[in-house]
Amino acid sequence: NFDNQNRLIFAGQDDGTDTNLLAQFASYAYNGDSTRANIVRSNGVRTDYTYETPVTGRIHNINHYVPAAGSNPARTISSRTYGYDELNRMRWFQKSSSTQTNPLENGRGESYGYDQAGQLVSAAYEVANPSGVNVPNDAFAYDNAGNFTTVNGAAYTLNSTGLNQYGTIQSY
């Protein structure tokens, strides 16, 4: 079903009449500026969204968790905090350090670098401080048309089909 601004407010299964809800799978809430505030799933998992500023609308944090209930404390399933560069490209993200439910939530993250054309030129994975300067795990290069030419020293060539398909990978 949708609200008066045509935003999804809940998803579920009805009886075919559009008036009787048999099962609700998720409900959605929105902030005053129509950005998504949260999703609550029928299994109890909630996802909250926070944003940098109303001007950019960029997501700052997404937090998936099971809310506290009775004597059971809230449990984080996963959480990501995001940072951007001055051209609104995602520059880094960092995971939470809450390993109680998910051992992969180790507080580490990834960082990305871009060239003047906005193409990804470097990526560093599982780094302790993704918002800082990191040694990249992957490095990418492009030709003037924006096609990959090398990834970590492996050369890429295009097929001659005219469909911009990669055909040969050569390592040197």
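As a starting point, this report considers the structure included with it.

Each value, and the rule that gives it
- Residues numbered from 1 in each chain as written.
- Predicted model: local features only at pLDDT ≥ 70, side-chain atom pairs only at ≥ 80, totals over all residues.
- Heavy atoms only, no water.
- Helix = DSSP H or I, 4+ residues; strand = E, 2+ residues; numbered from the N terminus.
- Buried < 20%, exposed > 50% of the residue type's maximum accessible area, 1.4 Å probe, protein only.
- Contact = heavy atoms within 4.5 Å.
- Areas by Shrake-Rupley, 256 points an atom, 1.4 Å probe, with all protein chains shown as cover.
- Pairing = 2+ DSSP bridges.
- Salt bridge = Lys/Arg side-chain N within 4 Å of Asp/Glu carboxyl O.
- Polar contact = N/O pair within 3.5 Å; in protein donor to acceptor, adjacent residues only side chain to side chain.
- Phe/Tyr/Trp six-rings, centres within 6.5 Å; stacked < 30°, edge-to-face > 60°.

## Comments concerning the overall build of the protein chain
Per the secondary structure count, the protein chain includes 0 helices and 13 strands. Shown N-terminal to C-terminal, the secondary structure of the protein chain runs as helices and strands in the order β-β-β-β-β-β-β-β-β-β-β-β-β. Relative to its full complement of 172 residues, the protein chain shows a buried share of 29%. Intrachain contacts of the protein chain at a sequence separation of at least 6 include 11% that bridge at least 24 residues. Accessible surface, the protein chain as shown: approximately 10,800 Å² in total, 50% of it carbon and sulfur.

## Some thoughts on the pairing of strand E8 (residues 109-114)
Most of E8 sits inside the fold, with 5 of its 6 residues counted as buried. Pairing analysis gives 3 bridges linking strand E7 (residues 90-95) to E8, with the strands arranged antiparallel. By the bridge assignment for E8, Phe 93 is matched with Glu 110. Of the pairings in the sheet, the one linking E8 to strand E9 (residues 120-127) comprises 5 bridges and is antiparallel in character.

## Here we look at the pattern of salt bridges
If the charged atoms of two oppositely charged side chains come close together, the side chains can form a pair. Within the structure shown, the criterion is met by 6 salt bridges. Of the charged contacts, one joins Arg 7 and Asp 3 as a salt bridge, the two residues approaching to 2.8 Å between their closest N and O atoms. When sorted by exposure, Arg 7 lands in the same class as Asp 3, which is buried.

## Structural notes on the pairing of strand E6 (residues 75-84)
Here strand E5 (residues 59-66) runs beside E6; their pairing, made up of 6 bridges, is antiparallel. When the sheet's bridge partners are listed, Val 66 is paired in E6 with Arg 75. The antiparallel hairpin formed by E6 and E7 contains 5 residues in its connecting segment, where Asn 88 sits at a positive phi of about 65°.

## Digging into the side chain of Glu 110
Looking at the element boundaries, Glu 110 is found in strand E8. A polar contact is formed between the side chain of Glu 110 and the side chain of Tyr 112, at a distance of 2.3 Å. If we ignore the near neighbours within four places in the chain, the residues touching Glu 110 are Arg 91, Trp 92, Phe 93, Ala 124, Tyr 125, Glu 126, Val 127 and Pro 130.

## Regarding the side chain of Ser 98
The topology assignment puts Ser 98 in the loop between E7 and E8. Residue Ser 98 is classed as buried on the basis of its relative accessible area of 18%. Here Ser 98 is in contact with Thr 76 and Glu 105, once residues within four sequence places are set aside.

## Describing the packing of aromatic side chains
A complete count under the given rule lists 3 aromatic pairs for this structure. Taking 6.2 Å as the distance between ring centres and 45° as the angle between the ring planes, the aromatic pair formed by Tyr 82 and Phe 93 counts as tilted. On the criterion of sequence distance, the pair formed by Tyr 82 in strand E6 and Phe 93 in strand E7 is long-range, its members being 11 residues apart. Each member of the pair, Tyr 82 as well as Phe 93, carries the same accessibility label: buried. Pairing Tyr 142 with Phe 148 gives two aromatic rings, centres 5.2 Å apart and planes at 25°, and the pair type is stacked. Among the aromatic residues, those joined into a cluster by ring pairs are Phe 140, Tyr 142 and Phe 148.

## Some points on unusual backbone geometry
The phi torsion at Ser 34 lies on the positive side, around 75°, for a residue other than glycine. Its location among the elements puts Ser 34 in the loop between strand E2 (21-30) and strand E3 (36-41). Although it is not a glycine, Asn 88 adopts a positive phi angle of roughly 65°. Inspection of the secondary structure assignment puts Asn 88 in the loop between E6 and E7.

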